[in-house]
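# What the coordinates show
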Amino acid sequence: MDFFEQVWEVTKLIPEGRVTTYGAIAKYLGTARGARVVGWALNQSNMKADVPAHRVVNRVGMLSGAAHFGGEQMKVLLEAEGIEVKSNKVLKFKELFWDPVTELEV
DNA sequence: ATAGTGACTGAAC
DNA sequence: GGTTCAGCCACTA
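Within every chain, residues take consecutive numbers counted from 1 along the sequence as written. Throughout, the order in which chains and ligands are written sets their labels, letters from A for the former and numbers from 1 for the latter. Given that the model is predicted, a residue must reach a pLDDT of at least 70 before its local features are reported, and side-chain atom pairs must reach 80 or more before they are shown or counted; all residues, however, enter totals for whole chains, interfaces and linings. Computation of side-chain values: all heavy atoms of the structure, hydrogens and water removed.

### A look at the overall build of chain A
Comment: elements are numbered from the N terminus, with helices defined as DSSP H or I runs of at least four residues and strands as E runs of at least two. Regarding its fold elements, chain A presents 7 helices and 4 strands. Ordered by position from the N terminus, the helices and strands of chain A form the series α-β-α-α-β-α-α-β-β-α-α. If one aligns the C-alpha atoms of chain A with their principal axes, the spans along those axes are about 35 × 25 × 20 Å. Each residue gets one of three labels from its accessible area relative to the maximum for its type: buried under 20%, exposed over 50%, partly exposed in between, using a 1.4 Å probe on protein chains only. Evaluated residue by residue, chain A yields a buried proportion of 41% over its 106 residues. Nonlocal contacts in chain A, meaning residues at least 24 apart in sequence, comprise 66% of its contacts between residues at least 6 apart. Using a 1.4 Å probe, the Shrake-Rupley method yields the accessible areas, and only the shown protein chains count as cover for residues. Accessible surface computed for chain A: about 6300 Å², of which carbon and sulfur atoms make up 50%. Counting 13 positive and 13 negative side-chain charges, chain A places the centres of these two groups 8 Å from one another. In what follows, residue pairs with any heavy atoms lying within 4.5 Å of each other are defined as contacts. As used throughout, the charge tally considers Lys and Arg to be positive and Asp and Glu to be negative, leaving His and the chain termini uncounted. Each charge is placed at NZ for Lys, CZ for Arg, CG for Asp and CD for Glu.

### Notes on the protein's contact with DNA strand B
Neighbouring DNA strand B are 17 residues, the closest being Gly39, Leu42, Asn43, Gly65 and His68. What makes a residue near a molecule or strand is one non-hydrogen atom of that residue sitting within 4 Å of it. Sugar and phosphate atoms represent 48% of those atoms of DNA strand B found within 4 Å of the protein. Throughout this description, a polar contact denotes any pair of N or O atoms lying within 3.5 Å of each other; where both atoms belong to protein, one of them has to be capable of donating a hydrogen while the other can accept it, and for residues adjacent in sequence the pair is counted only when both atoms sit in side chains. Take glycine 65: an N or O atom from its main chain is 3.4 Å from a base nitrogen of DNA strand B. Note that a phosphate oxygen of DNA strand B is positioned 3.1 Å from one of the side-chain N or O atoms of histidine 68.

### Concerning the nonpolar core
Within the largest apolar cluster, 27 residues are counted, with the highest numbers of intra-cluster contacts made by Val7, Leu42, Leu63 and Val90. Looking at this core, the elements with two or more residues in it are α1 (3-12), α2 (22-29), α3 (35-45), β2 (56-57), α4 (66-69), α5 (72-80) and α6 (93-96). Looking at which element gives the most residues to this core, the answer is α2, with 4 residues. Once residues within four sequence positions are removed from consideration, leucine 63 is found in contact with Val57, Met74, Lys75, Leu78, Val85, Asn88, Lys89 and Val90. The definition of a nonpolar core used throughout is a set of buried Ala, Val, Leu, Ile, Met, Phe, Trp, Tyr and Cys residues joined through side-chain atoms within 4.5 Å.

See below:
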């Protein structure tokens, strides 16, 4: 299985209305420093409707992927799940943060 | 096999 | 405390 698919697996496990970070996913997969690769994987998942890439943001809760997601599309999807978004940033990010390492306990 | 790139992150100035 | 620099991993040319 490609590293990409592993990323998608975790991404698909993100509960509705919650968000996570590239670093968290990377850490969960073992490559804590491979956050960039995670983002890259999500880039490929962009065309996959099965993967909620819109729930993945950078470490500060900013929709860094919005630019590659199709503009406001990402923001709309998040708000549709009850996630408040302001200036491409997730409000209450700290509360909505979902860490696979903690939630899934490996 | 080497070099370059990218939705990031952490440390230094 | 905000901005800048360098390091990381996986993938493509």
